[in-house]
Amino acid sequence: MDTMLYDYSIPAISTLQSSLSDAAPFMELMSKVFDPKYAFLIYSPLAYLLDPKVGKKLIMTTAIAEWLNQILKWFLHGERPYWYVYSSGHFDPQQTPIKQFPITCELGPGHPSGHAMVTAAVWYVILSSLQQAYTNYQCQRQQVHDLRHNFGSQAATWGLYATLLAVVSVSRVFLGCHFPHQCLAGAALGLLVARYISQQDIKAMHYVGASLVLFATAFGTFGLLQTLGFDPSWTIKLATTHCVKREYIHLDTAPFFSIMRYCGFALGCGLGLLFPLKQYANQLVPVEAQLIVEGPATAAGEPVVVTSASGELYADAKNPLSSHNISWLSFKLVMAMLMARLVDDLGLFVSHANLPVFYSAAFAAYTLFSYAFTNL
């Protein structure tokens, strides 16, 4: 069945590339912007800093989606167009060419699409949260009974969601990274993962537990496949053999790097929530420098008065729109992005030559990164 889908898809992909050749920069941009790594490095940290409740859901959704994607890729044994056109022997690459781009040559299996799956999962959480916030806002304005208005906002939100998934999927097919059915499967599975996680009540300890379970099941699956006579790394040789340029091969697309990323990310988040730095900082701060809230919270819109032990007043300490809080949030966002850049540039600090060291460094980097931004 898969072979038939591959053989029908290769000419279609070749035609798509030739007919939309002018759109190549846009396709590359979409594939880069919605790369799964940015769900870890950008979307989850920003969501957590802006709304910790949404951020925690997004962190777990991202880790579970990437884990499930990797496990399924090992079992489903999916080909990728850029090597299949050569390795299958069914095509003349001169007659039916599949052009390669700087981000084409991913090292893992192709089914289901990781871009489509993680994008579907992550943006379901983001857009459903925004839609819920908008609905709550409308309720406060006593417009909850305007069903037509609510239907319009829902249609706009999920229309945007569908468009986003379509654009990402087309870009992955255009770039020769995936076959169309792989993107459809990835999008459907990502949606299911996001809907399931969104319904769960996730505690801090769940992140640590998830990290351990994901780590054990990933390596257990790898070992099981080897025991059964399958080579989980079968795609590495195909990718390195048929990629037209060595610089198109990126080590952070390898399955083991993915394991280090999602396990370290979930572990760091759990540790950050269980052992917050603020707890220890308060023990070090002199009593006279600590802030004391005087009395219960006032009515909406009224300032909350906070004093230090020395009697100094801090007005609007609880007002999220105060200049102090906006400045502090901006600082945290900038710090999170700077840390994300350092993690993304891990290859500049650790050599790729020693893979165990590189993968261990990736695990440590993602663990420290998620621990750090949950404590900003």
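Residues numbered from 1 in each chain as written. Predicted model: local features only at pLDDT ≥ 70, side-chain atom pairs only at ≥ 80, totals over all residues. Heavy atoms only, no water.

Novice: Before we move on, could you go through the overall build of the protein chain and cite the residues and values that matter?
Specialist: Across its full length, the protein chain holds 14 helices and three strands. Scored against the burial criterion, the 376 residues of the protein chain give a buried share of 45%. Summarising the internal contacts of the protein chain: among those between residues at least 6 apart in sequence, 78% fall at separations of at least 24. With an accessible surface of roughly 19300 Å², the protein chain has 65% of that area assigned to carbon and sulfur atoms. (Helix = DSSP H or I, 4+ residues; strand = E, 2+ residues; numbered from the N terminus. Buried < 20%, exposed > 50% of the residue type's maximum accessible area, 1.4 Å probe, protein only. Contact = heavy atoms within 4.5 Å. Areas by Shrake-Rupley, 256 points an atom, 1.4 Å probe, with all protein chains shown as cover.)

Novice: A description of the nonpolar core should follow, citing residues and the corresponding values.
Specialist: Here is a general trend for soluble globular proteins: nonpolar side chains tend to be buried in one another's company. Among the nonpolar cores identified, the biggest contains 86 residues, and Tyr43, Val122, Trp123, Tyr262, Phe369 and Phe373 are the most heavily contacted of them. Counting residues per element, this core draws most heavily on helix 6 (residues 114-140), at eleven residues. If sequence neighbours within four positions are ignored, Phe369 has contacts with Phe40, Leu41, Pro45, Phe265, Ala336, Met339, Ala340 and Val343. Counting seven residues, the second-largest nonpolar core is a separate cluster that includes Ala24, Met27, Ile103 and Phe174. (Core = buried A, V, L, I, M, F, W, Y, C linked by side-chain atoms within 4.5 Å.)

Novice: Explain a nonpolar patch on the surface residue by residue, including any values.
Specialist: The grouping of Phe75, Leu76, Leu224, Leu228 and Phe230 at the surface amounts to a nonpolar patch, some 510 Å² of accessible area in total. Relative to the helices and strands, Leu228 resides in the loop between helix 9 (204-227) and helix 10 (234-242). (Patch = residues over 30% accessible without salt bridge, like charges linked within 9 Å, V, L, I, M, F, W, Y side chains within 5 Å. Salt bridge = Lys/Arg side-chain N within 4 Å of Asp/Glu carboxyl O.)

Novice: Got a sec to walk through the environment of Leu267? Specific residues and values, please.
Specialist: Following the sequence through the fold, Leu267 ends up in helix 11 (residues 255-274). A relative accessible area of 17% means that Leu267 is categorised as buried. Residues Leu267 and Tyr371, 104 residues apart in the sequence, show an inter-C-alpha distance of 8.1 Å. Here Leu267 is in contact with Tyr207, Val208, Ser211, Phe363 and Thr367, once residues within four sequence places are set aside.

Novice: Which residues make up the confidence of the model for the protein chain, and what are the values?
Specialist: When pLDDT is averaged along the protein chain, the result is 82, and 81% of the positions lie at 70 or above. Looking over the protein chain, one finds the lowest element-wise mean pLDDT in strand 1 (residues 291-293), namely 45, and the highest in helix 8 (residues 180-198), namely 95. Across residues 287-315, where pLDDT falls below 50, the model places 39 contacts with residues more than four positions away in sequence or in other chains. (pLDDT = per-residue confidence, 0-100.)

Novice: Describe in detail helix 8, supporting the description with residues and values.
Specialist: A rise of 1.5 Å per residue sets the reference length of helix 8, with its 19 residues, at 27 Å; its end C-alpha atoms lie 27 Å apart and thus fit the reference within 8%. Residues of helix 8 that are buried: His181, Gln182, Cys183, Gly186, Ala187, Gly190, Val193, Ala194 and Ile197. (Expected span 1.5 Å × (residues − 1).)

Novice: Go over helix 14 (residues 355-373), please, and point to the residues and values.
Specialist: Helix length check: helix 14 (19 residues) gives 27 Å between terminal C-alpha atoms against 27 Å at 1.5 Å per residue, within 8%. Of all the residues in helix 14, the buried ones are Phe358, Tyr359, Ala361, Ala362, Ala365, Tyr366, Thr367, Phe369, Ser370 and Phe373.

Novice: Before we move on, can you summarise the packing of helix 6 against helix 8 with the specific residues and values?
Specialist: With their axes 7 Å apart at the nearest point, helix 6 and helix 8 run at an angle of 35 degrees to one another. Remark: the crossing between helix 6 and helix 8 carries right-handed chirality. Contact residues: helix 6 offers Ala116, Met117, Ala120, Ala121, Tyr124 and Val125, while helix 8 offers Cys183, Gly186, Ala187, Leu189, Gly190, Leu191, Val193, Ala194, Arg195 and Ser198. Here the contact of helix 6 with helix 8 is composed, by residue class, of twelve nonpolar, three polar and one charged. (Axes fitted to C-alpha atoms, helices over the stretch in contact; angles between N-to-C directions. Left-handed = near helix turned anticlockwise from the far one by under 90°. Nonpolar A, V, L, I, M, F, W, Y, C, P; charged D, E, K, R; others polar.)

Novice: Tell me what's going on with the packing of helix 4 (residues 52-76) against helix 9, and back it up with residues and numbers.
Specialist: Closest axis-to-axis distance for the helix 4/helix 9 pair is 10 Å, and the angle between their directions is 5 degrees. Here helix 9 runs roughly parallel to helix 4, going by the angle between their axes. Residues Lys56, Lys57, Ile59, Met60, Ala63, Ile64, Trp67, Ile71, Trp74 and Phe75 of helix 4 form the contact with helix 9, whose participating residues are His206, Tyr207, Ala210, Leu214, Thr217, Ala218, Thr221, Phe222 and Leu225. Class assignment of the residues belonging to the contact of helix 4 with helix 9 gives a composition of 14 nonpolar, three polar and two charged. (Parallel < 35°, antiparallel > 145°, perpendicular 65-115°, else oblique.)

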